[in-house]
Amino acid sequence: MPCPTRSDELVFFVNGRKVIERDADPEVTLLTFLRKNLRLTGTKYACGRGGCGACTVMVSRHDPSSKKIRHFSVTACLVPICSLHGTAVTTVEGVGSIKTRIHPVQERIAKSHGTQCGFCTPGMVMSMYTLLRNHPEPSEEQLMEALGGNLCRCTGYRPILASGRTFCMASNDCQEKGKGKCCLDQEEKDSSSLDRKSEMCTELFVREEFQPLDPTQELIFPPELLRMLENPEKRTFTFHGERVTWISPGTLKELLELKVKHPEAPLILGNTSLGPAMKSQGCFHPILLYPVRISELYVVSKASDGLTIGAGCSLAQVKDLLAETVSSLPEEKTKAYRALLKQLKSLGGQQIRNMASLGGHVVSRHCYSDLNPILAVSSATLNLISEEGKRQIPLNEHFLAGLASADLKPEEILESVYIPHSHKWEFVSAFRQAECRQNALADVNAGLRVVFEEGTDTIAGLSLAYGGVGAATISAPQTCQQLLGRHWNQLMLDEAYRLLLEEISLPGSAPGGKVEFKRSLIVSFFFKFYLQVLQELKELRRLFPKSDSCHYPEVADRFLSVLEDFSINLPQGVQTYQCVDSHQPPLDPVGRPIMHLSGLKHATGEAIFCDDIPVVDKELAMALVTSTRAHAKIISIDSSEALELPGVVDVITAEDIPGTNGAEDDKLLAVDKVLCVGQIVCAVVAETEVQVKRAVEKIKITYKDLEPVIFSIEDAVKHNSFLCPEKKLEQGNIEEAFGKVDQIVEGEVHVGGQEHFYMETQRVLVIPKTEDKELDVYVSTQDPAHVQKTVSSTLSIPINRITCHVKRVGGGFGGKTGRPAVFGAIAAVGAMKTGRPIRLVLDREDDMLITGGRHPLFGKYKVGFMNSGRIKALDIECYINGGCTLDDSEMVTEYLILKMENAYKIRNLRFRGRACLTNLPSNTAFRGFGFPQGTLVTESCITAVAAKCGLPPEKIREKNMYKTVDKTIYKQAFSPENLIRCWNECLVQSSFHSRRLQVEEFNKKNYWKKKGIAIVPMKFSVGFAATSYHQAAALVHIYTDGSVLVTHGGNELGQGIHTKMLQNACQVLLKRLEPIMKKNPEGTWEDWIEAAFEQRISLSATGYFRGYKAFMDWEKGEGDPFPYYVYGVACSEVEIDCLTGAHKKIRTDIVMDACCSLNPAIDIGQIEGAFVQGMGLYTTEELKYSPEGVLYSRGPDEYKIPTITDIPEEFNVYLLPSSHTPLTIYSSKGLGESGMFLGSSVFFAIIDAVTTARRERDIAEDFTVRSPATPEWVRMACADRFTEMV
Ligand SMILES: Cc1cc2nc3c(=O)[nH]c(=O)nc-3n(C[C@H](O)[C@H](O)[C@H](O)COP(=O)(O)OP(=O)(O)OC[C@H]3O[C@@H](n4cnc5c(N)ncnc54)[C@H](O)[C@@H]3O)c2cc1C
Ligand code: FES
Ligand code: FES
């Protein structure tokens, strides 16, 4: 069959408009096409690998078999445009717009405060919108499922879910909420707290204001497409790109002919396997075969003995089909289907399940595949087809290992998968353990199946398959063989462990490491399977008493809870804050939960971020070339090959910098040597993004490795490699105090680093102007002044020629403080050299590789205390890993030392800290600035003391907390009154004492599952110990038409600063206009402004806030560095599975002293968002490096920030009422950073549960504390016979 040389026309619809592409390039994704070609920039790029959901759009496709339109969400970054022929795409712009009509989904997410920086919002809107198109009144489970693939780094998800819940059919919203009472109020609350209820509010939005959802208002499927699809063309469509040809055959016959002609060409379906491989692993396929129109691949047939599912069916369709089958067939027939369904619920996010095909999944044979282990043990068969005819092969270990004799031939394709029904004496189970509960690839998964001789417990067949433990799914045939004929009892079990561990050997180089953890999971899963089957056998004996002649071992109830998987429920909670005074005029917005000023624009995609700025004339794309060595001399940089590529304009090196190349020890572009993998060596500029990326690959740098190479804190200490001198604070006489105490404990604490993972990666657009070397710099930064200054010194031109524009930032968290200046300066050098605008947008991989994050910390402590739990002396020495340059490391060291005492008054203290110089990218500012790491050491001392005293940690905390007006370690006086109030309120709000008893009761009854509860106080000092930081200015103009312009020095990062500024600005202006308003109370705003102008009342004002005079004398160890403290207390309860290390967050209560909140919705949003980010730091976010110092975790697949299913099932926030601080604007407090540390309450709840498990198993209770408490850490800390076996 000849392959036409001319491309066909690609026809699809976007937001109701027809798109015709005459030269569609198969390598162009829908995301690029929307953003670059159609200028629809509402759809965002954040990872490019399907893992974050920022690029979610809805695709509507006509299903010829059901004759229905199927709407499904997809991640546009993985959708090649060529796959869209005949479909309709809806983007956030097509859902609604401020200019025309906003959609209820958009309205509700904005008004429920579900947006902060707004970068994830369009994706969230699209996931929710697609759900509502399919289910106008969804269930809560469907809502959770729909949003499981969307990440948000700001909000902590609670308000997003609150907006979604307003559409759900059986909303669990408490009816009493809003009346100051709620069913979640616990009986334990004392009368003082109830008395105050009348002045407390619990509504952050008014539900009654929302427009109803009207499904008839939605965009219809384009009739033109419908007509086209009703009479489908059977001919082959071909699209030729620059390098790749896309062929979409119309019939099976043609497809099979093409497969003969192009045996190496892969079939492309969901592109969720091929796409990431082509992007990140350099795989390249010149021909792609797209079989979407081959109806044979979508056939589902149900026979009396099993199900045959077409290979083209998406995993979402497979899930629906299995759910339907499970509900319609007798239970005994559906065991394999249930196991598959269980895995499908947590496989990827909804978008991935919508795109990925069953065939693609099976044939990809990923080692982490969740379905292949079950299909393998369930004797599934693959139905293959080629021009030669049809044949079947078993989906067995040989196929999974890729043995040529058991594989598809190059000209064959997979037509369908046959999965037989199970039968009465057959049992199939699925297990999986991943870094978080959903949307994470499994560390280990398993499909386990046993068949018994009828009516007995004698094993007649056994199949065991594991994923994640080798290069492919692995089975254990020898173990299975040897256990045949054995009874299902303890003897068999012990033998099975031994055989399994012998047979499945995991070398140290196993994918992802974690060898011992994985080996323990292999046996733990088998143990769970054993118990599960035993229970089911007992049930069978009950139902068929005659058929049973054997005795099943009894299993005590306390061992059985391990069989229940943690359920996923829609989180709920109450947010309580002090209502505004009843005398406050309704027009005065201060203290009210006003929506984020850009909320609606975020939700409609109309909010413009840096890279949404349209392409400017003659614009070039820039990409960075980074070091692949950790410490090396640069011998040469050869750009010749890159410069020869089409479109490449120039390569920028240090030699091109006209001014200063950064600092001596922190160069913008490397000169002579590199200090870490990821250091920027040079930059390439080319006409297009694609060309520049190809050119980067061709730059050849030769290195000569240098010694030493230091990565860890331990190595840095050994080599005396430090960035700055030690910082120290001391009070009392520590040595003397150690001599007088009852007990002394020494220990170590390790706190891992953290990636900012702002959803918007670093990006900058530099536009040179024609006059006077002026430059416009559009940049995503928290510190435009720093960018401006750095560009100026790099180019050697005055600051006043450089204008920095920052409309908004898609999340920063400290990561966009220093680094954007580097990117801005390099882009500016490129712009100056070429005389053309330069756009630099970092890939997620590059962003994570190049920029550092939170400093990892290693702390050693020695604590002396009385048997009563009173701590008399505490000595902490800690080291942070600063990376290869100073950056903010000295300041971070200072801050962690200053703040380390947290809420405790300990008379004899010594805190020492040092920043280590290592060959890793430089670590930098991150929300909390050292406090979340340092204070974890202090709190770990508390738990160690508690263990030694045999007292619960909360008693030790209470005993040692500041109680009266006192001085801190740096001798600053303060009153802890509100700290104590927060503590007491949190004890009440969380019903702590009764729940502590319930936890203990639960733990007595359950051996393998343990609950833990922890309440943690916080004293967080706000501000910097430099007076110049404590100032702010604003300029307000009212124009004669009544519109107002507010200019101020703050940056909008999602924290709602503009919203709060407007609330303030209004207050100032109202005062000035008061006489006019009084005179004409019926007048409009415009009338008053006109009158004010007539009366020559100034309609402009400046505001200047000269803040605190802060200082710190490190020589003397005393100062007045902070204007005020934020006090807070969090109580969290968790449940852990000791066999897998998984945990579930049951409940969190936070009480925070926000003083007089300017905007409770924004402040509660900051607290919740920071808490969830802190939870990520302490539980799931783990940076992984190769032995050569290359960061492995460079995207959402490998680096797990919390997802929607990770937040506490009950999540309450309570702002302490009647609190004031004289030093701040309207007595408000800055709440952006402090909540981060409160996430440690989850960590300490996990520690509490682990300690209980260890106590029960008679193992030492004082163990080395390691954050994050990943499933691996929890599993190995709950040591038992399984961990001993490995
Ligand atoms: C963000 C993300 C999260 C994920 N999470 C999980 C997870 O939690 N668990 C898990 O198990 N998997 C997960 N996956 C992997 C996913 O399940 C697979 O990528 C997917 O099933 C592959 O299907 P596809 O249709 O996209 O394949 P494609 O990428 O289109 O194709 C993959 C391969 O299959 C071949 N192929 C496809 N169909 C046929 C056929 N009919 N006959 C012959 N060959 C065929 C192609 O030639 C190609 O080589 C995830 C993937 C992503 C991107
Ligand atoms: S999923 Fe597409 S950008 Fe992240
Ligand atoms: S609002 Fe979700 S990432 Fe910022």
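Residues numbered from 1 in each chain as written. Chains lettered and ligands numbered in written order. Predicted model: local features only at pLDDT ≥ 70, side-chain atom pairs only at ≥ 80, totals over all residues. Heavy atoms only, no water.

Engineer: Before we go on, may I ask you to explain the state of the cysteines in this structure?
Structural biologist: Two cysteines, two sulfur atoms, one covalent bond between them: this is a disulfide. By the definition in use, this model includes one disulfide. Between the sulfur of C201 and that of C579 lies a disulfide, 2.2 Å long from S to S. Between C201 and C579, the disulfide has an S-S torsion of 130° and is therefore right-handed. Placement of C201 in strand 6 (residues 200-201) and of C579 in the loop between strand 19 (575-578) and helix 20 (599-604) is noted, with a sequence separation of 378 residues between them. Cysteine C367 shares no disulfide, and the gap to the nearest cysteine sulfur, in C283, comes to 15 Å. (Disulfide = S-S within 2.5 Å. Helix = DSSP H or I, 4+ residues; strand = E, 2+ residues; numbered from the N terminus.)

Engineer: I'm lost on unusual backbone geometry in this one. Help?
Structural biologist: At the junction of E707 and P708, the peptide bond is cis and its omega measures out at -10° in the coordinates. Looking at the element boundaries, P708 is found in the loop between strand 25 (700-705) and helix 23 (713-718). A cis geometry characterises the amide bond from S1267 onward to P1268, with omega recorded as 5°. The topology assignment puts P1268 in the loop between strand 46 (1265-1267) and helix 38 (1271-1277). You will see that R39, though not glycine, has its phi angle at about 60°, which is positive. Within the secondary structure layout, R39 lies in the loop between helix 1 (30-37) and strand 3 (56-63). We classify R39 as partly exposed; its relative accessible area is 31%. The backbone of K618 sits at a positive phi, close to 65°, despite the residue not being glycine. When you line up the elements, K618 lands in the loop between helix 20 and strand 20 (620-626). (Buried < 20%, exposed > 50% of the residue type's maximum accessible area, 1.4 Å probe, protein only.)

Engineer: How do you make sense of the nonpolar core when you look at a structure like this?
Structural biologist: It is characteristic of soluble globular proteins that their nonpolar side chains tend to be buried jointly. Ranked by internal contacts, the top residues of the largest apolar core, which has 210 residues, are Y466, W488 and F526. With 14 residues, the top contributor of residues to this core is helix 19 (residues 515-543). When residues no more than four places from it in sequence are discounted, the contact partners of W488 are V450, F452, D457, I459, F526, F529, Y530, V533, L534, L537 and P553. Listed in part, the 72 residues of the second largest apolar core include Y290, L315, V318 and L382. (Core = buried A, V, L, I, M, F, W, Y, C linked by side-chain atoms within 4.5 Å. Contact = heavy atoms within 4.5 Å.)

Engineer: I tried to follow helix 35 (residues 1160-1179) on my own but got confused; where do I start?
Structural biologist: In an α-helix, one turn spans 3.6 residues; hence positions three or four apart end up facing the same way. Counted at 1.5 Å a residue, the expected span for helix 35 with its 20 residues is 28 Å, and the 28 Å between its end C-alpha atoms agrees. With 20 of 20 residues buried, helix 35 is to be regarded as a mostly interior element. (Expected span 1.5 Å × (residues − 1).)

Engineer: For this particular structure, what's the right way to read the confidence of the model for the chain?
Structural biologist: Reading fine detail from the predicted coordinates is not recommended where pLDDT is low. When the pLDDT values of the chain are averaged, the result is 93; 96% of them are 70 or greater. Predicted confidence for residues 174-197 stays below pLDDT 50, and this span has 40 contacts to residues more than four positions away or in other chains. (pLDDT = per-residue confidence, 0-100.)

Engineer: Please explain the sheet that holds strand 17 (residues 459-467) as it appears in this structure.
Structural biologist: Within a sheet, neighbouring strands are paired by backbone hydrogen bonds and run either parallel or antiparallel to one another. Pairing is antiparallel in the open sheet, where four strands are placed in the order 15-16-17-18. Strands at the two margins of the open sheet, each flanked by one partner only, are strand 15 (426-434) and strand 18 (474-475). Here two bridges tie strand 17 to strand 18, and the two strands are oriented antiparallel to one another. Bridge pairing in strand 18 links A465 to S475. Along the sheet, helix 12 (residues 335-346) makes contact with strand 15 and strand 16 (442-452), crossing strand 15 at roughly 10°. (Pairing = 2+ DSSP bridges. Axes fitted to C-alpha atoms, helices over the stretch in contact; angles between N-to-C directions.)

Engineer: Got a minute to help me understand the site of ligand 1 in this structure?
Structural biologist: Inspection of the region around ligand 1 gives 33 residues, with L269, T272, L274, S357 and D370 positioned closest. A distance of 2.6 Å is found between an oxygen atom of ligand 1 and a side-chain nitrogen or oxygen belonging to T272. Between ligand 1 and L274 there is a distance of 2.8 Å, counted from an oxygen atom to a backbone nitrogen or oxygen. Considered on its own, ligand 1 offers 990 Å² of accessible surface; in the complex 94% of this is hidden by protein. Counting residues per element, the ones that place at least two in the shell around ligand 1 are helix 14 (358-364) and strand 14 (413-420). Per-element tally for the shell around ligand 1: the top contributor is helix 14, with five residues. Residue composition of the shell around ligand 1, by class: 17 nonpolar, 13 polar and three charged. (Near = heavy atom within 4 Å. Polar contact = N/O pair within 3.5 Å; in protein donor to acceptor, adjacent residues only side chain to side chain. Areas by Shrake-Rupley, 256 points an atom, 1.4 Å probe, with all protein chains shown as cover. Nonpolar A, V, L, I, M, F, W, Y, C, P; charged D, E, K, R; others polar.)

Engineer: Could you clarify how one ought to interpret the packing of aromatic side chains in this entry?
Structural biologist: Scanning the model with the defined rule gives 30 aromatic pairs in all. A centroid spacing of 5.6 Å and a plane angle of 90° characterise the contact between Y895 and F929, whose relative ring orientation is edge-to-face. Here Y895, found in helix 28 (residues 889-899), pairs with F929, found in the loop between strand 34 (908-916) and helix 29 (931-949); they are 34 residues apart in sequence, far enough to count as distant. In terms of burial, Y895 and F929 fall into one category: buried. Considering the side-chain rings of Y970 and F1122, the 5.8 Å spacing of their centres and the 75° angle between planes classify their relative orientation as edge-to-face. Here Y970, found in the loop between strand 35 (966-967) and strand 36 (973-974), pairs with F1122, found in the loop between strand 42 (1118-1120) and strand 43 (1124-1137); they are 152 residues apart in sequence, far enough to count as distant. Classification of Y970 as buried rests on a relative accessible area of 1%. Among the aromatic residues, those joined into a cluster by ring pairs are F427, F452, W488, F526, F529 and Y530. (Phe/Tyr/Trp six-rings, centres within 6.5 Å; stacked < 30°, edge-to-face > 60°.)

Engineer: In this structure, what is going on with the pairing of strand 29 (residues 775-779)? I would like to understand it.
Structural biologist: Look at any regular strand and the pattern is simple: side chains alternate between the two faces of the sheet. The element strand 29 is extensively covered by neighbouring structure, given that four of its five residues are classed as buried. Inspection of the sheet shows strand 28 (residues 763-768) paired to strand 29 by five bridges, in the antiparallel sense. Its bridge partner being in strand 29, L765 is matched across the sheet by Y778. Linkage of strand 28 to strand 29, two consecutive antiparallel strands, is achieved through a turn of six residues, within which D772 is found at a positive phi near 50°.

Engineer: Which parts of the structure should I look at to understand the pattern of salt bridges?
Structural biologist: Two side chains bearing opposite charge may form a pair once their charged atoms approach each other closely. Under the definition given, this model contains 74 salt bridges. The partner of K816 in a salt bridge is E760, with the nearest N and O atoms 3.2 Å apart. Of this pair, K816 sits in the loop between strand 30 (802-805) and helix 26 (819-834) while E760 sits in the loop between strand 27 (743-751) and strand 28, and the two are 56 residues apart along the sequence. Judged on exposure class, the residue K816 and its partner E760 are both buried. Here R1257 and E1256 are joined by a salt bridge, their closest N and O atoms 3.6 Å apart. The network of salt bridges with shared partners includes R35, K44, D611, D612, E619 and R839. (Salt bridge = Lys/Arg side-chain N within 4 Å of Asp/Glu carboxyl O.)

Engineer: How should I be thinking about the environment of K963 in this particular structure?
Structural biologist: With respect to the element layout, K963 can be found in the loop between helix 30 (953-960) and strand 35. Considered as a pair, K963 and P553 are 410 residues apart in the sequence and their alpha carbons are 56 Å apart. In this view, K963 contacts E958, P976 and I980; residues no more than four positions away in its chain are not counted. A distance of 2.8 Å separates the side chain of K963 from the backbone oxygen of E958, its partner in a polar contact. A distance of 3.3 Å separates the side chain of K963 from the backbone oxygen of M961, its partner in a polar contact.

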